[in-house]
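# Structural overview for review
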Amino acid sequence: MERIPILKMGDCLLVTIQVDMHDRLATTLQDDLTERIVAARARGVLIDISALEIVDSFIGRTLGNIAAMSRVLDARTVVVGMQPAVAITLVELGLALPGVSTALNVEKGMALIGRALGRAEADGGPET
Amino acid sequence: MVSKSGSRLAEIVARHEQELVPEWLNQQLAAVSARRDLVNDGELKEQSRRFVEKLRVGLEGMDGNLDLAAPAWAGARELLDELSRTRARQGFSPSETAAFVLSLKQPLYDRLRGDLARDPEALTSELWKSTVILDKLGLYVMEVYQKNREEVIARQQQEMLELSTPVVQLWDGILALPLIGTLDSARTQVVMETLLQSIVQTGAALAIIDITGVPTVDTLVAQHLLKTVAAARLMGAECIISGIRPQIAQTIVHLGVELGEVVTKATLADAFAIALARTGRTVVRTAAAGAR
């Protein structure tokens, strides 16, 4: 079955969505990610959606849920690289993902997680 | 009406074509609406001559139902199109433009009266017919005139839309979006798209939306602003709203608009200072300038 890979970097998990999301894939990702957070005792989760060009209300809500679940599991979650069209769609759908941190790109997202975990900004570099 | 009814009128116009033109021309020049400052006599004469000619063609080819859409009137319509368009551009008023066609009535009636004096019934029917035709032509001129004006308005709206949504880069990583004029849904869409596009291009983490130039903020405008802020936040950029005038602050509170966590500042300068501080920068007065 098709799966979205979850990479581990130190105590952070990196999820890069490279394909168009469909409902099944989204729920699978939700299951996998929560399992991995617990198994790896991850403290940060970074979800890169820069390749995602189309979202519907379900995918939007699932993204919000995934972020909320990671937070419940005490992992700082950052959604990075959202496309303008996706951002507009989510806002119009009323899914502004409250409480989810966002960043422009992976680099800035890692820096944000690093800062939030009170770590010296060595991995992401200072924000310019 | 019988099918050959147009031909009698056409006959009279054809017979008197030579005299009709100068008479009509005098009529036009004598009228208050003649804008001799905008169109010269030679040009007007040429237009009049061509129109009478086209009118004759139209009358000759016309069937009983006095329909201007008929192919025989194509020449006249084309001429009026062009005339109306140029006059609208030259600054003629609507009535001055319509007067071109309508002032033909009097010389035409004079001719009809002269030719059909002994046949009152025919005179009445031809008069009626010419009135209908000239009125229709007059209305046609007005329609074209109006359409041209509307095109101008539509074009200006488009230009305003483009003019009024610049995104400027204040500093590395700091964008400013000075909004001018009322925000409606269409403009918000453009504003949102340009802002998000610029965020992607410049990688800016902060955007200042300045609403000094927005005359009024009602619930709808506030909602549009908040949508833009939310969309920018989703992409990872934070927004600061600046340029909130005292009256606007009062309106926002009276309307019960909830701005939530959005940072608001009274002036663009304040917002810029905050933005610099957030990106870890300070502005320092150098000694030389400080001594001034």
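A brief report on the enclosed structure follows. (Residues numbered from 1 in each chain as written. Chains lettered and ligands numbered in written order. Predicted model: local features only at pLDDT ≥ 70, side-chain atom pairs only at ≥ 80, totals over all residues.)

## Re the overall build of chain A
Secondary structure summary: chain A contains four helices and five strands in total. Put simply, chain A runs from its N terminus to its C terminus through helices and strands in the order β-β-α-β-α-β-α-β-α. Buried positions account for 38% of the 128 residues belonging to chain A. At a minimum sequence separation of 6, the contacts of chain A that also span at least 24 residues come to 72%. (Helix = DSSP H or I, 4+ residues; strand = E, 2+ residues; numbered from the N terminus. Buried ≥ 20, exposed ≤ 12 C-beta atoms within 10 Å, placed from the backbone. Contact = placed C-beta atoms within 7 Å.)

## Some remarks on the interface of chain B and chain A
At the interface, 18 residues of chain B touch 15 residues of chain A. Class assignment of the residues belonging to the side of chain B that touches chain A gives a composition of nine nonpolar, five polar and four charged. (Nonpolar A, V, L, I, M, F, W, Y, C, P; charged D, E, K, R; others polar.)

## Points about the nonpolar core
Among the nonpolar cores identified, the biggest contains 75 residues, and A87 of chain A together with A207, A231, A232, M235 and A237 of chain B are the most heavily contacted of them. Ranked by residue count, the leading element in this core is helix α9 (residues 219-234) of chain B, at eight residues. Listed in part, the 30 residues of the second largest apolar core include L20, L83, A98 and F100 of chain B. (Core = buried A, V, L, I, M, F, W, Y, C linked by C-beta atoms within 7 Å.)

## Section: the sheet that holds strand β1 (residues 6-9) of chain A
All names here are of chain A. Spatially, β1-β2-β3-β4-β5 is the arrangement adopted by the five strands of the open sheet, whose pairing is mixed. Two strands lie at the open edges of the sheet, namely β1 and β5 (101-103), each paired on one side alone. Averaged over neighbouring strand pairs, the angle between their axes works out to 25° when direction is ignored. Sitting on the sheet, helix α2 (residues 57-72) is in contact with β3 (44-48) and β4 (76-80), with an inclination near 155° to β4. Packing of helix α4 (residues 106-116) onto the sheet brings it into contact with β2 (12-16), β3, β4 and β5, and relative to β4 it is tilted by some 165°. (Pairing = 2+ DSSP bridges. Axes fitted to C-alpha atoms, helices over the stretch in contact; angles between N-to-C directions.)

## Some remarks on helix α3 (residues 41-60) of chain B
The end-to-end C-alpha separation of α3 of chain B is 29 Å, in line with the 28 Å expected for 20 residues at 1.5 Å each. Every buried residue of α3 of chain B is listed here: Q47, S48, F51, V52, K54, L55, R56, G58 and L59 of chain B. (Expected span 1.5 Å × (residues − 1).)

## Quick notes on the sheet that holds strand β1 (residues 168-171) of chain B
Residue and element names in this part refer to chain B. Pairing is mixed across the open sheet formed by five strands, whose spatial order is β1-β2-β3-β4-β5. The sheet is open, and its two edges are formed by β1 and β5 (263-264), each paired on a single side. Bridging between strand β2 (residues 174-180) and strand β3 (residues 206-213) involves six bridges; their strand directions are parallel. Considered in β3, the bridge of L175 is made with A207. Packed onto the sheet, helix α8 (residues 185-202) meets β1, β2 and β3 and runs at close to 165° relative to β2.

## Some points on the pairing of β3 of chain A
All names here are of chain A. With five of five residues buried, β3 is to be regarded as a mostly interior element. Residues G44, L46 and D48 line one face of β3 and the alternating positions V45 and I47 line the opposite face, and both faces are buried. Bridge count between β2 and β3: five bridges; the pairing is parallel. By the bridge assignment, L13 is partnered in β3 with V45. Where the polypeptide runs from β2 across helix α1 (residues 23-40) and back to β3, its parallel neighbour, the crossover connection is right-handed. Taken together, the five bridges between β3 and β4 define a ladder with parallel strand orientation. Note on β4: the bridge partner recorded for V45 is T77. Traced from β3 through α2 to β4, the parallel crossover comes out right-handed. (Right-handed = clockwise from strand over helix to strand, strands pointing away.)

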